[in-house]
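# Architecture at a glance
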Amino acid sequence: MSEYLLEARGLKMHFPIHSEVLRRTQGHVKAVDGVDLKVRRGETLALVGESGCGKSTLARLLLRLLQPTAGQVLFEGDDILIYNNAQMTRARRDMQLVFQDPYASLNPRATVGKIIAEPLRVHGYDGDVKARVRELLDMVGLRPEHYDRYPHEFSGGQRQRVGIARAIALRPKLLICDEPISALDVSIQAQIVGLLQDLRSELDLTCVFISHDLSVVRHIADRVAVMYLGKIVEIADRAELYDAPRHPYTESLMSAIPVPDPVKERQRRRIVLTGDLPSPAAPPAGCAFHPRCPRAQTSCSQTTPQLEALGGDRHLASCFFPLSTDARFGDHAADGAVPGHR
Ligand SMILES: Nc1ncnc2c1ncn2[C@@H]1O[C@H](COP(=O)(O)OP(=O)(O)OP(=O)(O)O)[C@@H](O)[C@H]1O
Ligand SMILES: [Mg+2]
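Let me begin by describing the structure that accompanies this report. (Residues numbered from 1 in each chain as written. Chains lettered and ligands numbered in written order. Predicted model: local features only at pLDDT ≥ 70, side-chain atom pairs only at ≥ 80, totals over all residues. Heavy atoms only, no water.)

This part is about the overall build of the protein. Check the secondary structure of the protein and you find eleven helices and twelve strands. Taken over the C-alpha trace, the protein has a radius of gyration of 21 Å; the compact-globule value for 342 residues is 20 Å, and the two agree within 12%. For the protein, the C-alpha atoms occupy an extent of roughly 65 × 55 × 45 Å along the three principal directions. In the protein, buried positions account for 49% of the 342 residues. For the protein, restricting intrachain contacts to residue pairs at least 6 apart in sequence, the fraction spanning at least 24 positions comes to 64%. Here the protein displays about 16,400 Å² of accessible surface, and carbon together with sulfur accounts for 48% of that area. Within the protein, one finds 43 positive and 41 negative side-chain charges whose respective centroids are separated by 4 Å. (Helix = DSSP H or I, 4+ residues; strand = E, 2+ residues; numbered from the N terminus. Rg over C-alpha atoms; globule rule 2.2 N^0.38 Å. Buried < 20%, exposed > 50% of the residue type's maximum accessible area, 1.4 Å probe, protein only. Contact = heavy atoms within 4.5 Å. Areas by Shrake-Rupley, 256 points an atom, 1.4 Å probe, with all protein chains shown as cover. Lys, Arg positive; Asp, Glu negative; His and termini not counted. Charge placed at Lys NZ, Arg CZ, Asp CG, Glu CD.)

The next point concerns the nonpolar core. Ranked by size, the top nonpolar core spans 61 residues in total, and within it Ile168, Leu175 and Leu199 carry the most contacts. The leading source of residues in this core is helix 6 (residues 186–203), at six residues. Apart from residues lying up to four places away in sequence, Ile168 is in contact with Arg132, Leu136, Met139, Val140, Leu175, Leu199, Leu203 and Leu205. Within the second largest apolar cluster, 35 residues are counted, among which are Leu11, Val32, Val35 and Ile80. (Core = buried A, V, L, I, M, F, W, Y, C linked by side-chain atoms within 4.5 Å.)

Taken as a whole, this structure holds 13 salt bridges when the rule is applied. Close ionic contact of Arg9 with Glu7 constitutes a salt bridge, the shortest N to O distance being 2.9 Å. The exposure class assigned to Glu7 is buried, which follows from its relative accessible area of 13%. The salt bridge partner of Asp94 is Lys173, with a shortest N-O separation of 3.9 Å. Taken together, the residues span a long stretch of sequence, with Asp94 in the loop between helix 2 (85–92) and strand 6 (95–98) and Lys173 in the loop between helix 5 (156–168) and strand 7 (174–178) at a distance of 79 residues. (Salt bridge = Lys/Arg side-chain N within 4 Å of Asp/Glu carboxyl O.)

Moving on, we come to the packing of helix 3 (residues 112–122) against helix 4 (residues 129–139). Where helix 3 meets helix 4, the axes come as close as 9 Å, and the angle between the chain directions of the two elements is 115 degrees. With respect to the hand of their crossing, helix 3 and helix 4 are arranged in right-handed fashion. Residues Val112, Gly113, Ile116, Ala117, Leu120 and Arg121 of helix 3 form the contact with helix 4, whose participating residues are Val129, Arg132, Val133, Leu136 and Leu137. Residue composition of the contact of helix 3 with helix 4, grouped by class: eight nonpolar, one polar and two charged. (Axes fitted to C-alpha atoms, helices over the stretch in contact; angles between N-to-C directions. Left-handed = near helix turned anticlockwise from the far one by under 90°. Nonpolar A, V, L, I, M, F, W, Y, C, P; charged D, E, K, R; others polar.)

This is the structure:
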């Protein structure tokens, strides 16, 4: 059995831009532009990056909800992109998605019991469906009387619990959570994160957790992948990424995380990136981050860096001038000894 449950190889999704007038393709939005990613069994891998960098598109590609322009998706070592419908239906039992907006993703005219039972019925569950739904309600912290209620009768957090119950109904091996808490109140976010963590160990789940909130990711991820304009620019074990980011983009994301200690918060040095995220329809030449990068040199606009191991093989970054390992952002911020750009 492979160490990896899920693997993406050279994955690309280029959406065509159609011209209304000329009725032809004018170009492409390179939403995902060459992603190689391996997700280990049992781990929680977080995918972070600015809005529009391609996180949701990548999630949908990994589940084959979109057919990629190029590349492969291997689930348990098998290329799911060549699966026929019957094979794909079977594979879907094992790979599920939790959406960002728990209201939009639930059918408003169906009771919660029916919503959670749907995947069981679609996949021909041979046990007692009602009993299984009650069990699932309990697992996600809802009560038996919630069975006959409709989504609008629930709070945002409860609705997300329903979405999670539906996603785990078939005991999947992989759960992809696309911003599962961003639509919720801060006080509720922690509860849902706690629930996901409990379920993860109870059900032996492998998780891909998409978020732009790095302080949440810090609590739940084993590894973190940072995306920028359709590419992964850095990936490492959580502690290493937070303590010693190597890519200047990651460093700028880290510098924006508020520090709970007011003294340290005052000493914190924020790296504010200049300019907006460029359009994925016309990414900059060379390293796509170079127009916003404080460390950029001439060569960065000419040659595209590859995602490469830096030191150990568990820490990869795509940068010609990575930050040095002894530049611990947190320590510098704490003692106020932040050098110029490292
Ligand atoms: N179906 C589509 N057709 C054309 N362009 C698309 C389509 N879906 C996404 N895009 C574009 O692809 C890029 C990546 O979008 P995506 O939704 O994957 O980003 P994201 O990282 O999930 O952003 P957010 O954090 O806002 O959810 C965006 O520029 C988006 O406009
Ligand atoms: Mg998204």
